[in-house]
Amino acid sequence: MHTGSAARGRPPTEAVEETPLAPHVLVVMGATGDLAQRKLFPALFHLWQLRLLPERFRLVCSSRTGPEIGDTFLPMVHAAVDVYRGTVDDAAWQEFSRRISFVPTSGDDGAALERAVAEAAKEVGSDCEILYYLAVPPSATESVVRMLGTFDVPGSAKIVLEKPFGKDLESARSLNETLHEFFEERQIYRIDHFLGKEAVQNILALRFANGIFQPVWNHQHICYVQIDVPEQIDVQGRVEFMESTGTFRDMISTHLFQLLGFVALAPPARMDADSLHHETIKVFRAIRPIDPERVVFGQYEGYRDEAGVDEASNVETFVAMEVYVDDWYWIGVPFYLRTGKALAESRRTITIGFREPPLKVFPGDVDDTCNELVLELTDDPTIFADVRAKVPGPAFGLGRARMRLALVEAFPEAEPLEAYERLLLDVMRGDSTLFISTEQVELLWRLCDPLLRNPPRPIRYPRGSWGPSEASRLPSGRGWRLPDS
Ligand code: BG6
């Protein structure tokens, strides 16, 4: 019996051949906003430092703030990179920053931006690709798409959007129609940054690169799945976003359903966009209509006192729910999904619970929290199996033991990329495998709309707890898997 040992992984014997990236002009809309500052600029600078961006590269940034931001823009980006990606190497910053320009846009008038993009495209060369990144609030998305869609600039274009992709089926369709007026599906990249996480991609490697798991990856051997993403942080100044979006639209219909897709999809024929989207769509189609009786909404105590929150707000800051995938693989297996703000701990954990052996042959009681495969999808991804093992000694006593694989220990030389770094690179490579298609978005809204039209009333829960007790009772049997339980 092995416990707590991580095998040292060998790197692949042959490096994967990389086609050099085409020269790019990256246009960041909403460049003074939170997402651009916290994620995009630090990611781009790190890619630049790793020499993963093309040499011929320009970053044209825009926002609806006034032109006065011009002089302070570069110091703002420098500070963001410094805070969110660590100390900034001076020489690399000089090289990187001279590729950045800032052009304010006002209302729907993008004439100055259009000129700046055209100029940058001319500078980087005729084989240039333009990448529009929309880091704007959801309310601005459609008008920005319309503005960019009419730009007459050289080079082929791609557009990247952030969730939420609409707020229901109708608005998602309207947004998709607008997008398709100007861009073809292959030019559209909808980001769900969870899919950019190393640990999440490793779910696919674990399942489909080994012969051990797939034969038991079905209802005959698995009796439940838990996808648990509690967060300790509260709304943290994102009140306006939370009030208009809520936790279901922010986390469940996006990140948690995408994780469910990766856990439940059938083996794809190839690891490419078409095959993966095809299998994910089959899972989303097979999800049983959501039973509102098996959904718990919560709101943390004190949420209504946050500045900017309506004192009678019924916005949910917590969701726990049960979902079934009615196909040949998963019939009868409950998938429990849970996420929320101001909870006891921050985690991203997928737990696969295996059926008990058909016959009990060992004497004594057994620990019924064993028999689980646990995927910790943190930035330090770990997979472990909690199993029963014989306790060394003269009798056949059983104890709980753990087999553990930590990716960082297995591949100490590897250079993991942060989720946005990986996804930005993929867009530049033109690879949409880890992005969300129009069909997926519309299927998920079709599934979620009935519940959201008639949502459960949120139940109050104390900060620092695991949410309302009604949610704790949702999974029968072993309950929610808690840290180190
Ligand atoms: C974002 C949500 O998409 O994901 C946030 O809008 C959430 O509410 C965040 O906190 C969690 O992502 P991560 O990568 O920090 O776990």
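Here the structure is a predicted model, which means the values were calculated and not measured.

Caption draft 1: Up close: the pattern of salt bridges. On inspection of all chains with the given rule, the structure shows 35 salt bridges. A salt bridge links D326 to R288, with the nearest nitrogen and oxygen atoms 2.9 Å apart. With D326 in the loop between β9 (318–324) and β10 (334–340) and R288 in the loop between α9 (273–286) and β8 (295–300), this residue pair connects regions lying 38 residues apart in the sequence. Its relative accessible area of 34% is what places R288 among the partly exposed residues. One salt bridge connects R400 with D386, and the closest N-O pair in it is separated by 2.8 Å. A residue pair is termed long-range when its members are at least 10 positions apart, and R400 in strand β14 (residues 398–406) and D386 in strand β13 (residues 382–390) qualify at 14 residues.

Caption draft 2: Summary view of the sheet that holds strand β2 (residues 57–62). Strand order in this open sheet of six strands is β3-β2-β1-β4-β5-β6, and the pairing throughout is parallel. Here the strands that pair on one side only, and so sit at the sheet edges, are β3 (100–102) and β6 (188–191). Across the sheet, the mean angle separating the axes of adjacent strands is 20 degrees when strand polarity is ignored. Summarising the sheet, strand β4 (residues 129–134) and strand β5 (residues 156–162) pair through six bridges and their orientation is parallel. For L134, the partnering residue across the bridge sits in β5 and is L161. Relative to the sheet, helix α5 (residues 141–149) contacts β1 (24–29), β4 and β5, its axis offset from that of β4 by approximately 160 degrees.

Caption draft 3: Spatial organisation of the site of the ligand. Residues in contact with the ligand, as listed here, are K163, H193, F194, K197, E231, I233, R238, D250, M251, H255, K341 and R348. Within the side chain of K341, a nitrogen or oxygen atom sits 2.8 Å from an oxygen atom of the ligand. A total of 400 Å² of accessible area belongs to the ligand in isolation, and the protein chains cover 79% of it.

Caption draft 4: Looking closely at the environment of L424. Considering the arrangement of structural elements, one finds L424 in helix α11 (residues 419–429). Taking the C-alpha atoms as reference, L424 lies 9.1 Å from V160; in sequence the two are 264 residues apart. If we ignore the near neighbours within four places in the chain, the residues touching L424 are L26, L40, A43, L44, L47 and Y133.

Caption draft 5: Local environment of the side chain of T433. Relative to the assigned elements, T433 resides in the loop between α11 and α12 (438–453). Residue classification places T433 among the buried positions, given a relative accessible area of 11%. Only 3.2 Å separates the side chain of T433 from the backbone nitrogen of A273, close enough to count as a polar contact. At 2.5 Å, the side chain of T433 forms a polar contact with the side chain of D431. Excluding anything up to four places from it in sequence, T433 contacts D272, A273, L276 and H277.

Caption draft 6: Examining the sheet that holds strand β12 (residues 372–376) more closely. Taken in spatial order, the nine strands of this open sheet run β14-β13-β12-β11-β7-β10-β9-β8-β15, and their pairing is mixed. Strand pairing shows two members of the sheet lacking a second neighbour, β14 and β15 (459–461), which therefore form its edges. For this sheet, the mean inter-axis angle between neighbouring strands, taken without regard to orientation, is 20 degrees. Bridge count between strand β11 (residues 349–354) and β12: five bridges; the pairing is antiparallel.

Calculation rules
Residues numbered from 1 in each chain as written. Predicted model: local features only at pLDDT ≥ 70, side-chain atom pairs only at ≥ 80, totals over all residues. Heavy atoms only, no water. Salt bridge = Lys/Arg side-chain N within 4 Å of Asp/Glu carboxyl O. Helix = DSSP H or I, 4+ residues; strand = E, 2+ residues; numbered from the N terminus. Buried < 20%, exposed > 50% of the residue type's maximum accessible area, 1.4 Å probe, protein only. Pairing = 2+ DSSP bridges. Axes fitted to C-alpha atoms, helices over the stretch in contact; angles between N-to-C directions. Contact = heavy atoms within 4.5 Å. Near = heavy atom within 4 Å. Polar contact = N/O pair within 3.5 Å; in protein donor to acceptor, adjacent residues only side chain to side chain. Areas by Shrake-Rupley, 256 points an atom, 1.4 Å probe, with all protein chains shown as cover.

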